[in-house]
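# Observations on the model geometry
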Amino acid sequence: MRIAVEELDVTLSGRTVVSGVHLVAEDGEIAGLIGPNGSGKSTVLRTVYRYLRPHAGRVLVGDADIRSLTAAETARRVAALPQERGSDFELSVRAVVAMGRTPYKRAFAGEDRADADIVATALAGVGMAGAGARRFSTLSGGERQRVLLARALAQDPKVLVLDEPTNHLDVRHQVELLALLREQRRTTLLSLHDLNAAASLCDRLHVLHEGAVVASGTPREVLTPALLAEVFGVRAAVVEHPLTGDPLIAFDHRGVADAAADAGARVGSPAGPPGEPAAPPRTPVLKRRTG
Amino acid sequence: MTALTAAAEGREREPGVRARWAAAVLGAALVAALVASVCLGSSDVPPGDVWSAVARGVSGQDPVPGTQDLIVWQLRVPRALLAAVVGAGLGLVGTAVQALVRNPLADPYLLGISSGASLGAVAAIVLGAGAGGALGLGLSSAAFAGALASFALVWAMARRGGGFSPLRLVLSGVGIGQFLSGFTHYLVLQAGDDQQTHGVLFWLMGSLGGAQWATLTLPVVAVALGLVALLARARALDALLMGDETAAGLGVDVVRLRRELFVVTSVLTGVLVSVSGAIGFVGLMVPHVCRMVVGGDHRRLLPVAALFGAVLLVVVDLVARTALPDQELPVGVVTALIGAPTLLYLLDRRLERGQG
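Per chain, the residues get numbers from 1 upward, laid out in the order the sequence is written. Here every chain gets a letter starting at A, and every ligand a number starting at 1, in the order they are written. The predicted origin of the model limits local features to residues at a pLDDT of at least 70 and limits the giving and counting of side-chain atom pairs to 80 or more, whereas totals for whole chains, interfaces and linings rest on all residues. Note: side-chain values were computed over all heavy atoms of the structure, leaving out hydrogens and water.

Here we take up the domain arrangement of chain A. Residue and element names in this part refer to chain A. As assigned here, chain A comprises domain 1 (3-223) and domain 2 (224-278). Each domain's extent is set by a domain assignment, obtained either automatically or from a database. Computed from C-alpha coordinates alone, the two centres of domain 1 and domain 2 are separated by 30 Å. Taken together, the contact pairs 17 residues of domain 1 with 14 residues of domain 2. Two parts placed together each lose some accessible area under a 1.4 Å probe, and the buried area is that loss summed for both. Summed over both partners, the interface of domain 1 with domain 2 comes to about 1,200 Å²; 66% of that surface belongs to carbon and sulfur atoms. Whenever a carboxyl oxygen of Asp or Glu lies within 4 Å of a side-chain nitrogen of Lys or Arg, that contact is scored as a salt bridge. Where domain 1 packs against domain 2, one counts zero salt bridges. Pairs of N or O atoms within 3.5 Å make up the polar contacts considered here, provided that, within protein, one atom can donate a hydrogen while the other can accept it, and that residues adjacent in sequence are counted only when both atoms are side-chain atoms. Counting across the interface, domain 1 meets domain 2 through three residue pairs in polar contact (both at pLDDT 80 or more). Contributing elements (two or more residues each) for the side of domain 1 that touches domain 2: helix 7 (195-201), strand 9 (204-209), strand 10 (212-217) and helix 8 (219-222). Contact between two residues is taken to exist if any of their heavy atoms lie within 4.5 Å; hydrogens are not considered. To qualify as a helix, a DSSP run of H or I must reach at least 4 residues; to qualify as a strand, a run of E must reach at least 2; elements of each kind are numbered from the N terminus.

And the structure:
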């Protein structure tokens, strides 16, 4: 199911944090939200899963404005994985995943056979089938994220929304989690810190800068040295990944971009900065995900 | 389904089985504790006499003069029942407040309600006509009025900024609680005589000595309604443990839930403190111990916490009445002396098993 954010303004205690944001994840697409710290990524996502109320604009899931749905109806369509990592209240892994059934249950309703099956399937789907009885707080960071993803899957959502799901994970666990997301083949909107991960995972990227979307398109269209200098303030070359063929951003870790002058010069220069291989311009096409 | 997944599922269902066992064991323990509490005391009553006294009382006949019917039916039975109800209520409120402020160290008195109740009660003892330490109806009303007043103050503070965030609730509760305690201490110093001071201190440390049939109705109704109200929100409480954003993403209206929880826990605390004074430690310890046994899932935790709280306070009251000859200890003293080391032992054992 398609999800779209239209003309979104969000104000927090009188300050406009996000304004005029327009973004979309078409049905079955993985759309990434990238941008520097404080650019408004989390704020946009929080509005999508209704933790924050938009000041103006709307969020559409399919054809429905989420404000026209009840909170539970929204939660049956959109499952969120915020940055919260839970606290120690002796919850078992299974109990955490079973929370995903909350929007389907009325007060006092117990868990039925169907719920139990959905929870078991979700746990198996993230490779944690045998871990149901373990205490959530004793899991490693990577295991926790997989269990929280299972909770989101138990919500049986049309759209997944994830805020920095790979934060604090080591490389292997990052790769595993992103592979799980690819496997889902579900409409997904997520924010990512790691631009190379975003380039490899996402069909579409939206770049946020100071509360506004400054670029949207395929990773290849969006991730240019000029944009990286302007938005992120770094010097980088964009090359082809030798193993996967995805765009690969090679950062210059020796110094930040001399933003204004450099960026201006580079936008006009087709060759890019010195050292960048002069790749022939390609027609941007949406990657087909291969599972 | 393969044998492997069936086995895994059997393990995963374990908390439900444990909760049922815990409920059954605690139910039996509650009956035993109530019987013991009625039989034992400054003068022991044989179970046979207790039975006949209770039978007469239930059927509405007058007690037989010259027997212990009066002690049993007018003093011990209501007192044991009050202990059970207050214990159950403290277990419930403790569980709910810990979820409300997402902190396993929270207790029912954190939100400042008990300070208001204590101030009301102490004011009634020191300034009012109901002096003399008798925990009568006048005292209860004063305590409940104090609880409502502090509730209004904390509410007004906590809602500023629109959030009812855990931090705001705790800061407002602690701040206003300290402010009201200042008044209480001032009043204690103004107490006219030793008798008054003694009554005040006994109240502040918790006592079930005021139990009468008439004073039972309100707490019974409040605890029953509180249990139902919290069970109706059990799933939302679970979600709240994971964080406000997670709860919102699961379709929970977090601000409304916090508001409702604050009302439920405040009213319940106000009622409990008004009939028994501020009995410490039960509300902190009971949810902890119960979580260790049945896990954090509120549909199981709430009933088990209520039962365990009831058993605990009946036993504690029995100890408070019988530990020292010719002297009754405040219940709060016994809960702290028994409860604190127990909790520390359990936590320590847990750390050693590497599950901390």
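So, about the UniProt feature "domain: ABC transporter" (unreviewed entry) in chain A. UniProt positions are given in the numbering used here, feature names are shortened, and annotations may be inferred rather than shown by experiment. The UniProt record annotates "domain: ABC transporter" (unreviewed entry) at residues 3-235 of chain A. Here residues 3-235 of chain A runs as 35% helix and 27% strand, with 33 Å between its end C-alpha atoms.

As a further point, take a nonpolar patch on the surface. Think of a patch as exposed residues, more than 30% relative accessible area, with no salt bridge, where like charges cluster within 9 Å and nonpolar side chains (Val, Leu, Ile, Met, Phe, Trp, Tyr) cluster within 5 Å. Here the Shrake-Rupley method, with its probe set to 1.4 Å, supplies the accessible areas, and only the displayed protein chains count as covering residues. Taken together, the side chains of Val315(B), Val319(B), Leu337(B) and Ile338(B) define a hydrophobic patch exposed on the protein surface, amounting to about 320 Å² of accessible area. Listing elements by their share of the nonpolar patch, those giving two or more residues are helix 14 (298-322) and helix 15 (331-352) of chain B.

Residues and elements named next belong to chain A. Any two strands between which DSSP finds at least two bridges are classified as paired. In space, the four strands of this open sheet follow the order 2-1-4-5, with antiparallel pairing throughout. Looking at which strands have only one partner, the edges of the open sheet turn out to be strand 2 (15-25) and strand 5 (64-65). As paired strands, strand 1 (residues 3-12) and strand 4 (residues 56-61) are joined by five bridges and run antiparallel to one another. Across the sheet, Ala4 pairs through a bridge with Leu60, a residue of strand 4. Axis definition: a line fit to C-alpha positions, over the contact stretch in the case of helices; interaxial angles, taken between N-to-C directions, run 0 to 180 degrees. The strands touched by helix 1 (residues 41-48) within the sheet are strand 1, strand 2 and strand 4, with strand 1 carrying the most contacts at an inclination of about 115 degrees.

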